[in-house]
Amino acid sequence: MTSLKLIQLNFETGGYNLLARVIINGKPALMMVDTGAPKTVLDTDHMQKFVKQTELKRNPRKNLAPGATSIYSYIANIESMEIGSVVIKDYTIAAVDLSQLNRTFRGMGNPQVDGLLGCDLLRHCRATLNFETRELIIDNLEEPVDPPKNAVIE
């Protein structure tokens, strides 16, 4: 288990974001903690910092996300992702176009992000997010035993 201090971004518009410093394949990355993102992703423009071109594979599923600039996306295997003292090995990650988000951040004098820490990773690492202390507490990754299903669970 690890406790990671997060970087807080405030906006005049009332927006609030938390960023985490992580290490992906031995290289530092800045990831936005996004509890609204179903998957953990890297920005397509930044993915090459962490994986080689030959490691990228075209995702057989089309990207139908609103506002996406392309219906195609790429996936790659991350050999290791370090979030504090938690090390996640052999993690498959997708690339999504985050250029609009990064343009907005840059325009407000904030740093660009390399990707999003989404609910898949947060859930399977039993994450707790403390907004008051700006801490992300996570445990080792536990892969789900049951395959995902299209369902609403109440």
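Residues numbered from 1 in each chain as written. Predicted model: local features only at pLDDT ≥ 70, side-chain atom pairs only at ≥ 80, totals over all residues. Heavy atoms only, no water.

**Q** Would you explain the nonpolar core in this entry?
**A** Side chains that are nonpolar tend, in soluble globular proteins, to be buried together. Ranked by internal contacts, the top residues of the largest apolar core, which has 28 residues, are I24, M81, I83 and L117. At the level of elements, strand 3 (16-24), strand 4 (27-33), strand 7 (74-83), strand 8 (86-96), helix 2 (119-124) and strand 11 (135-138) are the ones that each hand at least two residues to this core. The element that contributes the greatest number of residues to this core is strand 8, accounting for five residues. Excluding residues within four positions of it along the chain, I83 makes contact with T2, L4, V22, I88, L117, L121 and I138. F11, M32, A37 and L98 belong to the second largest nonpolar core, which has 11 residues in total. (Core = buried A, V, L, I, M, F, W, Y, C linked by side-chain atoms within 4.5 Å. Buried < 20%, exposed > 50% of the residue type's maximum accessible area, 1.4 Å probe, protein only. Helix = DSSP H or I, 4+ residues; strand = E, 2+ residues; numbered from the N terminus. Contact = heavy atoms within 4.5 Å.)

**Q** Sorry, what's going on with the confidence of the model for the protein chain here?
**A** A low pLDDT means the predicted coordinates there should not be read in detail. Within the protein chain, residue pLDDT values average 83, and 81% of them lie at 70 or more. Element-level mean pLDDT values for the protein chain span from 60 in strand 6 (residues 57-58) up to 96 in strand 4. The low-confidence segment residues 64-68, where pLDDT is below 50, has one contact with residues more than four positions distant or belonging to other chains. (pLDDT = per-residue confidence, 0-100.)

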